[in-house]
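# Chain and residue survey
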Protein chains: 4
Amino acid sequence: MHQEQPVITHLINGQPVDGGSRSADVFNPATGKVGEQVRLADRATVESAIAAAQAAFPAWRNTPPLKRARVMSRFKELLEQHADTICRLITDEHGKVLADSLGELQRGIENVEYASYAPELLKGEHSRNVGPGIDAWSEFQALGVCAGITPFNFPAMVPLWMWPMAVACGNTFILKPSERDPSSTLFIAQLAQDAGLPPGVLNVVNGDKEAVDTLLTDPRVQAISFVGSTPVAEYIYSTGTKHGKRVQALGGAKNHAVVMPDADIDNAVTALMGAAFGSCGERCMAIPLVVAVGDATADAVREKLVAEMARMKIGSGREAGCDMGPLVTKAHLDKVRGYVDQGVEEGAELVVDGRSLTVAGHEAGYFLGPCLFDRVTPGMRIYEEEIFGPVLGIVRVDSLQAAMAMIDAHEYGNGTCIFTRDGETARHFTDHILVGMVGVNVPLPVPVAYHSFGGWKRSLFGDLNAYGPDAVRFYTRRKQITQRWPSAGVREGAVFSFPSSK
Amino acid sequence: MHQEQPVITHLINGQPVDGGSRSADVFNPATGKVGEQVRLADRATVESAIAAAQAAFPAWRNTPPLKRARVMSRFKELLEQHADTICRLITDEHGKVLADSLGELQRGIENVEYASYAPELLKGEHSRNVGPGIDAWSEFQALGVCAGITPFNFPAMVPLWMWPMAVACGNTFILKPSERDPSSTLFIAQLAQDAGLPPGVLNVVNGDKEAVDTLLTDPRVQAISFVGSTPVAEYIYSTGTKHGKRVQALGGAKNHAVVMPDADIDNAVTALMGAAFGSCGERCMAIPLVVAVGDATADAVREKLVAEMARMKIGSGREAGCDMGPLVTKAHLDKVRGYVDQGVEEGAELVVDGRSLTVAGHEAGYFLGPCLFDRVTPGMRIYEEEIFGPVLGIVRVDSLQAAMAMIDAHEYGNGTCIFTRDGETARHFTDHILVGMVGVNVPLPVPVAYHSFGGWKRSLFGDLNAYGPDAVRFYTRRKQITQRWPSAGVREGAVFSFPSSK
Amino acid sequence: MHQEQPVITHLINGQPVDGGSRSADVFNPATGKVGEQVRLADRATVESAIAAAQAAFPAWRNTPPLKRARVMSRFKELLEQHADTICRLITDEHGKVLADSLGELQRGIENVEYASYAPELLKGEHSRNVGPGIDAWSEFQALGVCAGITPFNFPAMVPLWMWPMAVACGNTFILKPSERDPSSTLFIAQLAQDAGLPPGVLNVVNGDKEAVDTLLTDPRVQAISFVGSTPVAEYIYSTGTKHGKRVQALGGAKNHAVVMPDADIDNAVTALMGAAFGSCGERCMAIPLVVAVGDATADAVREKLVAEMARMKIGSGREAGCDMGPLVTKAHLDKVRGYVDQGVEEGAELVVDGRSLTVAGHEAGYFLGPCLFDRVTPGMRIYEEEIFGPVLGIVRVDSLQAAMAMIDAHEYGNGTCIFTRDGETARHFTDHILVGMVGVNVPLPVPVAYHSFGGWKRSLFGDLNAYGPDAVRFYTRRKQITQRWPSAGVREGAVFSFPSSK
Amino acid sequence: MHQEQPVITHLINGQPVDGGSRSADVFNPATGKVGEQVRLADRATVESAIAAAQAAFPAWRNTPPLKRARVMSRFKELLEQHADTICRLITDEHGKVLADSLGELQRGIENVEYASYAPELLKGEHSRNVGPGIDAWSEFQALGVCAGITPFNFPAMVPLWMWPMAVACGNTFILKPSERDPSSTLFIAQLAQDAGLPPGVLNVVNGDKEAVDTLLTDPRVQAISFVGSTPVAEYIYSTGTKHGKRVQALGGAKNHAVVMPDADIDNAVTALMGAAFGSCGERCMAIPLVVAVGDATADAVREKLVAEMARMKIGSGREAGCDMGPLVTKAHLDKVRGYVDQGVEEGAELVVDGRSLTVAGHEAGYFLGPCLFDRVTPGMRIYEEEIFGPVLGIVRVDSLQAAMAMIDAHEYGNGTCIFTRDGETARHFTDHILVGMVGVNVPLPVPVAYHSFGGWKRSLFGDLNAYGPDAVRFYTRRKQITQRWPSAGVREGAVFSFPSSK
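Computed from a prediction, not measured in an experiment: that's the story for all the values here. Residue numbers here run from 1 along each chain, matching the order of that chain's written sequence. Numbering of ligands from 1 and lettering of chains from A proceed in the order in which they are written. Under the rules for a predicted model, residues below a pLDDT of 70 receive no local features and side-chain atom pairs below 80 are neither given nor counted, while totals for whole chains, interfaces and linings still include all residues. Note that the side-chain values use all heavy atoms of the structure and ignore hydrogens as well as water.

### Brief notes about the overall build of chain A
Here a helix means four or more residues in a row that DSSP labels H or I, a strand means two or more in a row labelled E, and each is numbered from the N terminus. Counting its regular elements, chain A contains 16 helices and 23 strands. All radius of gyration figures rest on C-alpha atoms, and the globule criterion is 2.2 Å times the number of residues raised to 0.38. Over its C-alpha atoms chain A spans a radius of gyration of 25 Å, differing by no more than 12% from the 23 Å that the globule rule assigns to 502 residues. For chain A, the spread of C-alpha atoms along the principal axes amounts to about 95 × 70 × 40 Å. Considering only residue pairs separated by 6 or more positions, chain A has 72% of its internal contacts joining residues 24 or more positions apart. For chain A, the exposed area adds up to about 15300 Å²; of that, 52% sits on carbon and sulfur atoms. Distance between charge centres in chain A, computed from 47 positive and 57 negative side chains, equals 9 Å. A contact between two residues is defined here by any heavy atoms of the two lying within 4.5 Å. Residue exposure ignores everything except the shown protein chains as possible cover, and the areas themselves are Shrake-Rupley values with a 1.4 Å probe. Asp and Glu count as negative and Lys and Arg as positive, but His and the ends of the chain are not part of the count. Every charge is mapped onto a representative atom, which is NZ of Lys, CZ of Arg, CG of Asp or CD of Glu.

This is the structure in structure tokens:
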């Protein structure tokens, strides 16, 4: 009776493969309608992907780094050519506006670009004469089969943080993207095949906990990269490491923006608008908290924020001119709305209330208008927890010292930023704050692709960060060689008569 | 009635501290007598050490790297001045001959030396104009309180792999050395205080599982370095990571030396003698297995080994001219002797039997003569397990390919070496073998201090190796800063009238 | 009456410009006919190019490195797309066979690829707390206007060693290619414009000594890169440095290949054939001398060389299946032939004489058959001087020591190689030989693009080599910044009332 | 009849050697009396030093870097132990106060410390699989004999910028210190012998132009480092390079300090006092010009300077509590005084006149009181030329833009600094100013020893800076090795029967 949706399957050994008996709905959050179904891989399917990756490894690790890098260069060209398609796939399944999808893709492309520097990045260190006639050098060799487990909020970018560098280093890879918006991820993986990536080097399995647990426990998988929430990150880290793997697990965030009295307030507020409400706040580098130093600062920031928020246009991500689209799922919408209710109960002042928003023509979409709280304080759940929605809170403090103590006491330490013109203030803040990525007048201090991404405290488990130089070290094993040669008589000439007598 | 032994206590906040109600005997393995007692720290004592380290951290991390490095330089001078004392302490508690103690200390000193390069090693990467007017750079900041748990076999060297670099990077440290031979470790820690290390920067707690578990679970401890057996390494890695820490845990080894038909056999055998029997084989880089390629090679190696072994002198480590001292404890002696019995049962050919050795004047010492097995094969326990004693086995294979397959199939992948004169053979072996430290005509390819130490497979859990460049990254957290400055009008001159109006 | 040839002009500020009153003929060496005329720039023309480069500099140095790098990526794609055209231009003016032209272009493309890693390569070093509260870092800033003067033998590759990295670092550039084969160089420069290089960033002036001298003496030119013969390199180095510029000047070569008795002789000879006769020996990394250790080795090498040489096919570079084309000019043909005559007079044994070769249908082409001398000795002009033609000489020595002494005594030290299987021989040779680029069983040890190119002794003047990491340092000036911030009261809160009073 | 002064000779091959027939007086500038005579080496003497260095080279370059580094560590300890003696020698011949001598020595010691990191600094880059089965790596090998020519103003520090790193890299060295104050230099060289530097590795020749020209032209000398005035630097650079050597020649300076209206004026003035008058201004990093932005700034700076200058105590460098000692020679005193006269003639306002100073008990000493000019302008000789004396000038400008244009137009570009609290101002200044070493609120931005020292424009000729990472590259030659191994049958087992048949 009812219409069959198309089913999104897996990419294993260079081929689309349908494996597993369970499926999940993939919604378009702007309409609330199911677009497709995605197959959820069972253990056997994941194991077949691991087997494909294992089989592809020996030839790929022996391929010179320059050749592997060139596949990344061609892949980058294809990503640029197909940017429109990719962005539409992101927007239709995630909800973010097309400009945000493009921004995400650009960041992903920069990571592919960095992976194409592999011949430079893989250089080891060579020491002649560590002792008389003894040389030593290091090689950074591929690990084997690596896996990545990625979140819904950046279906293009976060996978591109991981597998391009992993494969440029000579590894093979299993990617398990979010089952909520897998289409752009799979489309991109197909482009990599088109660019010349041999079958089995990159495999994509869609799935849920069964797939994840297979990856975490299979002894053939050497390394796990994860981005998601902190409780899951912690599970991934402890389970993966318990099975002897190296793991980098990036978790949640609650990034504070400090605004100092000497800041350029207009610039700061403009910056904060994008940082708070871009992609509906569904970013681990979003700014959900503004810490204003001094009431005068807080009042000025609040006034300008209210004015700017009133000008925002919310609608389908496909529509031109929209600033913000819907949240990703109905469940998530309910959760975020619940946080707003909670904030009111906890006594924060709800200055702008986006709960009543409806978008004409998209009444079933998962929309929430931007919300602004003032007088948020530590201890409130809207202060402590990651909301991942378009909800910004103003926290008022008397001094930078108080602001920094508050930030340092928070569970998370992913990103933070400070708005000031004063060199000394910025230097003190960046030196001492217990946060991994720090912006000075930069609201989203996401490191460029040739640096590395990672938070502190409970925002990251592991010792090497995502992408950039750290990723090279994460996706390789150091091999250390020490070499001395005994005389064979060849140099001294003792065997000169030897070859001719052969 | 009976004489009280002196009690070895802890070093906390720069002071000797006695904490805990339990103690253990420390024996002199050459005599079998108890020399001292060592106090075993209880949880409260370890926590007081952690508190001291935590308190010392802020000032120490703010101390310029050059000043921290200079403490290491002075410390190095003191180690050189007190080398004799340290070596006697090692030999009296561990048993190894004085020359081995000095070799160990020298290696440790090289690590102190490398830590003194901290100003160079801590440089971050700076990028101007990552976007217009935006700069980005990385800093490698200290973690806070770090801990090290070290084995009995290198009481001076292995601690010096860890804490000098950790503190040179600005961390503070808790060291828990082996309770079997703690005296040299503590003496060295005292020298570090004399060199100017502030109280609380390095703390030493003696103890056993209670101390270890406190370190593994206390949330103030940020990182754990461990060297020991694989089962414990695995426990340390999974427990420490489960508690959110970064961990590097180095475990067991079973290092194979491949001897090719074209090798310089005399050189190879001389090299193997030291590698197999030095420090009674109680080294994770010892060579307990010789893989001879071709029977002719095996016969030649065996013949020369038997002759060399007959010339060895075994006695107290304090005695001049001895090649080998006793094993570390009675229990370990029994275990190693049990392996020899086991090898005979399993069908290996016991060519040289050291079980009947007695050392005149040291009848109660834990001595075992060097043993040589031939025709050892995979599957035998003496092939598979780490014996950590003076027991060398010859394995016969037909080809390099067979030798490499065997090595790759072994659980451990710490070190290996190949004896050959042929460039191509060496290159193929070093490129493909699944082992972390590889020697070419170098029997103990322990990397020099300016490279890093670590095995593959179940010989190391974690992603960053011990000492050298990897240790810098392990003992620091990357902080990534992105900076842009808004105009303050200062540059353009708008506020020129301003200062005079103050 | 006579037909006007097309005139090749200059590329200045993104436009074709005709400047100068003199011209030179450009020949097709396979036919001996003049194909075009090339305009020789006068001082005013070169100065206008310098002015264009100077004007383009401020905007280009402010362009973020990533954007500059991306121009190089697009440029690389265009080079790949237009490879056929470029190769035909090279072959028609230089004479080398199309396969050699393609090989040259590939190497050039690798240099463009490396230049596209600029964001990674330009990272400076950042040190926090060089003193309390004081930070220091280095930046590698662009120099301004740089110039390159390149030889006829690699009209595509050698320019691509220089300007792509120079402009990726933020400089602007004047290229003066060889006036004998400028067309491929200019075509490539045009592709760079198409790839998005702004006008004036790269300028090409054709010319001779007048152009060169203008570049060497104009104070606006900051740096000179040169590749050519040693006497000219020396002139460039001393004149450029006298005018306060930084200069890297690569000169001549006479590369020796040592063949040891244990070498794989078949492989060695195959390798030597290409190294001696590829591109008619018109390469600074060609092998014109084989040093055979032991007479048996020499006899075996000679015998196989004679057999291989008999199989060579010589003809127009455009013709499929040819191994070797003509020499570049009539004058050069006469010079090389003169060296062969000279060798006979000096007493070397002319084993294979290529002087009588004619190529049917190309009787006016500048062809010379491959020549082989045996018993060449130091002191002969054919031993001491760079012939730059298809003339290979065998030198017989008794030991590696004699071979190395001979190589070290030679004026040049560009490249060398050794054929052996023995690790110790190779290690001794590479450690001690006074030559900059050393091959072990690699006849043309031209470093890959991510390493750097340069000889020793009179083969290179300057301290930084061509391309690779050294080029980054050559084309940038270190700027060292030391920074401390005084308190502005902003952090401490003294001015909290200040902004609202504005 | 007259008393013979002691004669300072040379250090050649580890021995004091008297060579040359000419001598020069060495004065004590505080008393105006001749303390000693220094022998001026003739060509033959310098050549014997070169021969000694040449002979010492092979063994020294083969000494493992770690061993060479350890000589530097021991040397550092000796410098610390003998600091008092060294400082007295500096003060007695140069005149600077003891605190300045100690400051200089400390900076020198830091360079020795950095040289002791040689094992880390000399690492080359290793690339496996640049092609299938082909590896490549770089080595940074010693050059051979290097030479350093150093100025009078830092007789301890500047030589220690050069030779410790040169010898740590495996070179041997000829140092020609200033003939005006050679005693501390020689004393230090002797300490290096005591630390274990083998004879001939470091040689010191005293001398003048004859010695310099010998070093510049002798073909055995591979590299020249020079610090001095720009005309001589230019001569050294063009002469040395003409003779095929690599040269780094550091010349004069005229460093501007910009004071912005928002600066902390008290801090700025305190900083400027030391920067202008420390060591009598005889420093290439001294600040002789303050560029005040805005008249109010200028007035405030001037007022505070006058007050501080009135408090200065001038006297013998040996006397406790003195801020400033005498100038180095009578001739230099006259020259500096002449500049003050000149400034008055040129129309600058002489606010503080130090010309009439006499120091009781030291009437024959070369003393000049501190001088302050206001309203100095470009075009005046006291603006354009390096005075190298205690003469500070205030330049008044209206904007930062004007200040920067003025600095950029000056012939020299050694150091500069800016005083401001504003991040944007500092960033704009450091990015764009055409000066090599830039301070932000740091008056003497001399890079720490682990960074490198060098100016722009006519302050430095060459492409690699002094000390730090650049010095490693300057004192080494890149050797690039590319390696491939042919099969010898050893690996495949074809020769298994071979060894036994031997």
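### Quick look at the packing of helix α1 (residues 43–62) of chain B against helix α8 (residues 209–217) of chain B
Residue and element names in this part refer to chain B. For helices, the fitted line uses only the C-alpha atoms of the stretch in contact; every axis is such a line through C-alpha atoms, and the angle between N-to-C directions lies from 0 to 180 degrees. Between α1 and α8, whose axes approach to 9 Å, the crossing angle comes to 45°. As far as their axial angle goes, α8 and α1 are oblique. Relative to α8, α1 is oriented so that their crossing is right-handed. The residues of α8 that touch α1, namely those facing R43, V46, E47 and I50, are E210, A211, D213, T214, L215 and T217. Residue composition of the contact of α1 with α8, grouped by class: 4 nonpolar, 2 polar and 4 charged. To sort the angles, those under 35 degrees are grouped as roughly parallel, those over 145 as roughly antiparallel, those from 65 to 115 as roughly perpendicular, and the leftovers as oblique. Left-handed describes a crossing whose near helix is turned anticlockwise from the far helix by less than a right angle; the clockwise case is right-handed. Under the scheme applied here, ten amino acids are nonpolar (Ala, Val, Leu, Ile, Met, Phe, Trp, Tyr, Cys and Pro), four are charged (Asp, Glu, Lys and Arg), and all others, including Gly, are polar.

### Let's talk about the sheet that holds strand β5 (residues 33–40) of chain B
Pairing between the strands of a sheet is mediated by backbone hydrogen bonds and can be parallel or antiparallel. All names here are of chain B. A pair of strands is treated as paired once DSSP finds two or more bridges between them. Across the sheet, 3 strands lie side by side as β1-β5-β4; this open sheet has mixed pairing. If you trace the sheet from one side to the other, it starts and ends with β1 (7–8) and β4 (22–28), each paired once. Pairing between β4 and β5: 7 bridges, direction antiparallel. Its bridge partner being in β5, F27 is matched across the sheet by V34. Together, β1, β4 and β5 form the strand contacts of helix α3 (residues 83–94), whose direction differs from that of β4 by roughly 100°.

### Things to note about the domain arrangement of chain A
All names here are of chain A. As far as domains go, chain A holds domain 1 (7–251 + 459–481) and domain 2 (256–440). Domain borders in the structure are assigned automatically or taken from a domain database. Just the C-alpha atoms count here: the centres of domain 1 and domain 2 sit 31 Å apart. With 21 residues of domain 1 at the interface, the matching set in domain 2 holds 26 residues. Summed over both partners, the interface of domain 1 with domain 2 buries about 2000 Å², with 57% contributed by carbon and sulfur atoms. Accessible area that two parts lose when put together, with a 1.4 Å probe and added across both, is what the buried area reports.

### Let's talk about the relation of the copies chain D and chain C
For the pair chain D and chain C, the relating rotation is 180°, the translation along its axis is 0.0 Å, and the fit reaches an RMSD of 0.0 Å. What the rotation and shift describe, once combined, is the action of a two-fold rotation axis. Looking at chain D, 100% of its interface residues are interface residues in chain C too, so the copies touch through the same face. To superpose the copies, least squares is applied to the C-alpha atoms of every residue with a pLDDT of at least 70 in both.

### Focus on the interface of chain B and chain C
Tallying the contact residues gives 23 residues for chain B and 23 residues for chain C. Carbon and sulfur atoms supply 47% of the area that chain B and chain C bury against each other, a total of about 1700 Å² over both sides. One side-chain nitrogen of Lys or Arg within 4 Å of one carboxyl oxygen of Asp or Glu is enough to make a salt bridge. There are 4 salt bridges connecting chain B and chain C. Notably, a salt bridge pairs C:K123 with B:E125, separated by 2.9 Å at the nearest N-O pair. Under this definition, polar contacts are N or O atom pairs within 3.5 Å; protein pairs additionally need one hydrogen-donor-capable and one acceptor-capable atom, and for neighbouring residues in sequence, both atoms have to be side-chain atoms. Seen at the junction of chain B and chain C, the total is 10 residue pairs in polar contact (both at pLDDT 80 or more). Those elements that provide at least two residues to the side of chain B that touches chain C are α1, β6 (124–131) and β7 (134–142) of chain B. Residue contributions to the side of chain B that touches chain C peak at 8 residues, all from β6(B). Of the residues contributing to the side of chain B that touches chain C, the split by class is 7 nonpolar, 8 polar and 8 charged. Here β6(B) runs beside strand β6 (residues 124–131) of chain C; their pairing, made up of 3 bridges, is antiparallel. Paired with B:E125 across the bridge in β6(C) is C:E125.

### Details of the sheet that holds strand β5 (residues 33–40) of chain D
All names here are of chain D. With mixed pairing, 3 strands are arranged side by side in an open sheet as β1-β5-β4. Two strands close off the open sheet at either side, each with one partner strand: β1 (7–8) and β4 (22–28). When β1 meets β5, the two strands line up parallel, connected through 2 bridges. Across the sheet, I8 pairs through a bridge with V38, a residue of β5.

### Here's the deal with the environment of D:V232
All names here are of chain D. Along the polypeptide, V232 turns up in helix α9 (residues 230–242). Note on exposure labels: buried denotes an accessible area under 20% of the residue type's maximum, exposed denotes more than 50%, and partly exposed covers the range between, all computed with a 1.4 Å probe on protein chains only. What makes V232 partly exposed here is its relative accessible area of 37%. Along the backbone, V232 and G252 are 20 residues apart, and their C-alpha atoms lie at a distance of 9.6 Å.

### A word on the relation of the copies chain B and chain C
For the match of chain B to chain C, the screw axis carries a shift of 0.0 Å, the RMSD comes to 0.0 Å, and the turn is 180°. By residue overlap, the copies meet face to face through one surface: 100% of the interface positions of chain B are interface positions in chain C.

### Things to note about the interface of chain D and chain C
How big an interface is tends to be stated in terms of accessible area lost as the parts join. On the chain C side, the residues contacting the 64 residues of chain D number 64 residues. Where chain D abuts chain C, roughly 5400 Å² becomes buried across the two surfaces, and 51% of that area is made up of carbon and sulfur atoms. Linking chain D to chain C there are 6 salt bridges. Two residues, D:D470 and C:R478, come together in a salt bridge whose shortest N-O distance is 2.8 Å. Linking chain D with chain C are 37 residue pairs in polar contact (both at pLDDT 80 or more). When residues of the side of chain D that touches chain C are traced back to their parent elements, those giving at least two are α1 (43–62), β6 (124–131), β7 (134–142), α9, α15 (423–432), β20 (437–440), α16 (468–474) and β23 (476–484) of chain D. In terms of residue count, the dominant contributor to the side of chain D that touches chain C is β23(D) (8 residues). Of the residues belonging to the side of chain D that touches chain C, the class tally is 25 nonpolar, 23 polar and 16 charged. Bridge count between strand β23 (residues 476–484) of chain C and β20(D): 4 bridges; the pairing is parallel. From the neighbouring strand, C:Q483 faces β20(D), where its bridge partner is D:V440.

### Let's talk about helix α4 (residues 98–115) of chain C
A helix's residues, less one, multiplied by 1.5 Å, set its expected span. Here α4(C) contains 18 residues, and its C-alpha end-to-end distance of 26 Å stays within 8% of the 26 Å for a straight helix at 1.5 Å per residue. Restricting attention to buried positions, one finds in α4(C) the residues C:D100, C:S101, C:E104, C:L105, C:G108, C:I109, C:E110, C:N111, C:V112, C:E113, C:Y114 and C:A115.

### Quick notes on the UniProt feature "domain: Aldehyde dehydrogenase" (unreviewed entry) in chain A
UniProt positions are given in the numbering used here, feature names are shortened, and annotations may be inferred rather than shown by experiment. Residues annotated by UniProt as "domain: Aldehyde dehydrogenase" (unreviewed entry) correspond here to residues 20–481 of chain A. Within residues 20–481 of chain A, the helical portion is 42% and the strand portion 22%, while the C-alpha atoms at the span's ends are 45 Å from each other.

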